[in-house]
Structures are given as structure tokens and as C-alpha cells.
Amino acid sequence: MEKEETAKMTVTGATNNIPVTETWMRKHRLLYDGATRHPFILSIRQGSVDFSSFKRWLVIGQDYIFVRSFVPFVASVLMKSCKESSVESDMEVILGGMASLADEINWFKKEASKYHVSLTSVVPQNANVTYCRFLESLTGQEIEYPVAITAFWAIESVYQQSFAHCLEEGGRVPQELQETCERWGNEGFGAYCNSLRDIVDRSLQKASAEVVSKAEVCFLSVVEHEVEFWNMSTGDA
Ligand SMILES: Cc1ncc(CNC=O)c(N)n1
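Residues numbered from 1 in each chain as written. Predicted model: local features only at pLDDT ≥ 70, side-chain atom pairs only at ≥ 80, totals over all residues. Heavy atoms only, no water.

S.K.: Please provide a residue-by-residue account of the pattern of salt bridges, values included.
M.R.: Summed over all chains, the structure comprises 10 salt bridges. A salt bridge links E111 to K114; the shortest N-O distance between them is 3.1 Å. Here E111 and its partner K114 are both found in helix α6 (residues 88-115), 3 residues apart, which amounts to about one turn of the helix. In this structure, K214 and E144 form a salt bridge, with 2.8 Å as the shortest nitrogen-oxygen distance. Here K214, found in helix α11 (residues 209-231), pairs with E144, found in the loop between α7 (126-137) and α8 (145-167); they are 70 residues apart in sequence, far enough to count as distant. On the accessibility criterion, E144 (23% relative accessible area) is partly exposed. (Salt bridge = Lys/Arg side-chain N within 4 Å of Asp/Glu carboxyl O. Helix = DSSP H or I, 4+ residues; strand = E, 2+ residues; numbered from the N terminus. Buried < 20%, exposed > 50% of the residue type's maximum accessible area, 1.4 Å probe, protein only.)

Right under this line is the structure:
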């Protein structure tokens, strides 16, 4: 270990110069990549995905249901930020996320009508129901702000990095999925995810060890739910 790093050791023995989210990413890389490099995502990137009615139903119909549950969760994070955050810009970042969800719901409706997917008759799949219930369990007042904002960051980042990977050099995204990939994989959305990550790191710096460990468990749960979400693409979830 470098001298400088040793000097920054805290009483608990942890180095405090590496952001918490960075330590998690190093520790849980394989699991994280399991979500952002899921076979379904890779098939979009490689252009081998068959965008049949079933896949359209997943990407549009199931995700529409997810996003509708995501909105009240984000609202709860917004409330917590107003009450518990000492930094004014937190609210603005979260509010920006809310605004893009309003836009997203309209986009889902547009895509649904293009592909003749009836959004009102989509039956949520088990994995989706479980994920939405998990979101609901995080809306309660007993959930600490650092834990809730961690979940929010993880949900947005996994999606952003998955679709950004599809758009990276060498990808062959089919024309009909190009707009989908750009919606979440664009650089602006990436910058927004980085702002969320900075909020997480800052709020965890001030949190107790118990809250930090709750947040880590929550991060892992999100990644697992994201993997299960894409596992629906094989039809046997
Ligand atoms: C399953 C899932 N995870 C994350 C996102 C991205 N957040 C909002 O749109 C999403 N649309 N769907």
C-alpha cells in the first residue's frame, strides 16, 4: 500500500479515498456484468435478437409496467431527499429523473401503438411482479435515504450501461431497437447516472456502518432483479 493511502486509513481500517460505489463495483463485478452483459443485451448488440412479438411485449409491455411502479418509488426518494439531504442539488437531480420518466411513459405508448402492443392488457410476469414489489418495499419511511438513493442509482445505471454497451463500437443494433438503445444508452443519461452515483457516495460517507451495509445489500438485490428481468426474455422465467 502506498504511504499516502496508509495515511488516509480510518480507525476502522478502511481507506476512505475510494468511493463506496467503486468498492462495490470491484467486489461485485461479475454479478454486475451478469446484468449489463446479459445474453439478451448481447443479442441486441450483436443484432441477433429476434424482435418478434414476444420480445416486443417484453421490452415495451413489461417495462411499461415496471416504469409505472418505478414512478412512486422515485417520488418516495424525492421526498426523502427534501427531508434528509443537506445538499440542494439532490432534489434537482431526482426531479430531472422524474421528468424523464414522464417522457418515457409517452414513448412507451408511442412504441406500443407502433407495434400493436396493448398496454392495458399486458399481464405482468412473475419476475416483474417481484421486482415491482421490491420497489414498493423501499418506499416506506423506515428506509433510510442513503439506502433508497442507492437503489435508485443502481436501477438507472444498470440500464444505462447495458444499452450504452449495445451502442459501443462494433455493435450491430437492429434498426428497430436503435431508438431504445439511445433512449437509455445516451451520454446525457450517463451523466445523470454519474450525478446519482455522486449523491450515493456522498450520502454514504456520512452514514453509519449499518446503513452502508444495508445499502450494499440493496445494490445487490437490484442487480439480481435486473438479471431476472432479462431472464424473462427466454420465456421460462
Ligand atoms: C427493468 C428496468 N430497469 C431500469 C430501467 C431504467 N429506469 C427507468 O426507465 C427500466 N426502464 N427498466
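S.K.: Explain the site of the ligand residue by residue, including any values.
M.R.: The local shell around the ligand consists of D63, F66, V67, F70, L101, E104, I155, E156, Y159, W184, E226 and F229. Within the side chain of D63, a nitrogen or oxygen atom sits 2.6 Å from a nitrogen atom of the ligand. Taking E104, its side chain carries an N or O atom lying 2.3 Å from an oxygen atom of the ligand. Notes on the ligand: free accessible area 320 Å², of which the protein chains cover 100%. Listed by contribution, the elements that provide at least two residues to the shell around the ligand are α5 (53-84), α6, α8 and α11. For the shell around the ligand, the element with the highest residue contribution is α5, accounting for 4 residues. Class assignment of the residues belonging to the shell around the ligand gives a composition of 8 nonpolar, no polar and 4 charged. (Near = heavy atom within 4 Å. Polar contact = N/O pair within 3.5 Å; in protein donor to acceptor, adjacent residues only side chain to side chain. Areas by Shrake-Rupley, 256 points an atom, 1.4 Å probe, with all protein chains shown as cover. Nonpolar A, V, L, I, M, F, W, Y, C, P; charged D, E, K, R; others polar.)

What is shown is where atoms sit, not what they do.
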